[in-house]
Amino acid sequence: SRFKDFTQKYSFDMVHCVASATYENCNYGNYMRIGLELYHQNQVMTLKAKPIEIREVYPGETVGYYGEYHVDEVSRIAVIPIGYGNGYRRAFEGFKVFSKGQLFPIIGRICMNHTFVKVDASVTCDDWFEFSSPNIKADLLASYAQCSVYEVYTMFIDESIVYQL
């Protein structure tokens, strides 16, 4: 009621007092901000990158920081230039990324500028890997990292990454 009194004393083109949490319960004003609600209903961003290298690794070798991932069979590893320095948190270690119609596992530690992905023989350095997209939805990332969808959308900050809005 105090807000209504204030807006009636002055002439405003825009009156906004509604956000995601209140838009169903408030009928005052001519603008509303429902950003967080939209994030939960729609995939609003795609984050993707191509590998900078694909290496074959052999049993007994290790991959990533501290040699955390131990190779137990001949494997192909794609080195993707996205890491925690770009906003792709270490909380996504062990998660999957999407390419060529399938999911591929992230292996080892996510580095500052790189993520290692175990791939099959069909993958080349010309293939896009999706980290967040309609195939890897932000709510799935948020659940895996135990954070909010909004945090997922705001964690990616590096302009060298390809973003699609």
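Our subject is the structure listed above.
Residues numbered from 1 in each chain as written. Predicted model: local features only at pLDDT ≥ 70, side-chain atom pairs only at ≥ 80, totals over all residues. Heavy atoms only, no water.

Colleague: Which residues make up the overall build of the protein, and what values do they have?
Modeller: Counting its regular elements, the protein contains four helices and ten strands. Secondary structure elements of the protein, listed N to C terminal, follow the sequence α-α-β-β-β-β-β-β-β-β-β-α-α-β. For the protein, whose C-alpha radius of gyration is 22 Å, the value lies well above the compact-globule estimate of 15 Å for 165 residues. Each principal axis of the C-alpha atoms in the protein carries an extent, and together these give about 75 × 30 × 25 Å. A burial count over the protein gives 38% of its 165 residues as buried. Here the protein has roughly 9,900 Å² of accessible surface; of this, 50% comes from carbon and sulfur atoms. The averaged location of the 19 negative side-chain charges in the protein is 6 Å from the averaged location of its 15 positive side-chain charges. (Helix = DSSP H or I, 4+ residues; strand = E, 2+ residues; numbered from the N terminus. Rg over C-alpha atoms; globule rule 2.2 N^0.38 Å. Buried < 20%, exposed > 50% of the residue type's maximum accessible area, 1.4 Å probe, protein only. Areas by Shrake-Rupley, 256 points an atom, 1.4 Å probe, with all protein chains shown as cover. Lys, Arg positive; Asp, Glu negative; His and termini not counted. Charge placed at Lys NZ, Arg CZ, Asp CG, Glu CD.)

Colleague: I'd like to hear about the pattern of salt bridges, residue by residue, with values.
Modeller: Between side chains of opposite charge, a pair can form when the charged atoms approach closely. A complete count under the given rule lists six salt bridges for this structure. Across the pair arginine 89 and glutamate 151 runs a salt bridge, and its minimum N-O distance is 3.5 Å. Highlighted residues: arginine 89 in the loop between strand S5 (75-80) and strand S6 (96-99) and glutamate 151 in helix H4 (residues 149-155), separated in sequence by 62 residues. The exposure class assigned to arginine 89 is partly exposed, which follows from its relative accessible area of 31%. Judged by relative accessible area, which is 31%, glutamate 151 ranks as partly exposed. Residue aspartate 127 pairs with lysine 100 through a salt bridge whose shortest N-O separation is 3.7 Å. Of this pair, aspartate 127 sits in the loop between strand S8 (115-119) and strand S9 (129-132) while lysine 100 sits in the loop between S6 and strand S7 (102-107); the two residues are 27 residues apart in sequence, bridging distant segments of the chain. Given the relative accessible area of 14%, aspartate 127 is considered buried. (Salt bridge = Lys/Arg side-chain N within 4 Å of Asp/Glu carboxyl O.)

Colleague: Can you tell me about the environment of aspartate 127, naming the residues and giving the values?
Modeller: Along the primary structure aspartate 127 and proline 51 are separated by 76 residues, whereas in three dimensions their C-alpha atoms are 7.3 Å apart. Polar side-chain contacts of aspartate 127 include one of 2.7 Å to the backbone nitrogen of threonine 124. (Polar contact = N/O pair within 3.5 Å; in protein donor to acceptor, adjacent residues only side chain to side chain.)

Colleague: So what's going on with the environment of phenylalanine 131? Residues and values would help.
Modeller: Inspection of the secondary structure assignment puts phenylalanine 131 in strand S9. Linking phenylalanine 131 and asparagine 27, residues 104 residues apart in sequence, is a C-alpha distance of 39 Å. For phenylalanine 131, the residues in contact, after removing those within four places along its chain, are Leu47, Ile80, Ile82, Tyr88, Val97, Thr115, Ile136 and Leu141. (Contact = heavy atoms within 4.5 Å.)

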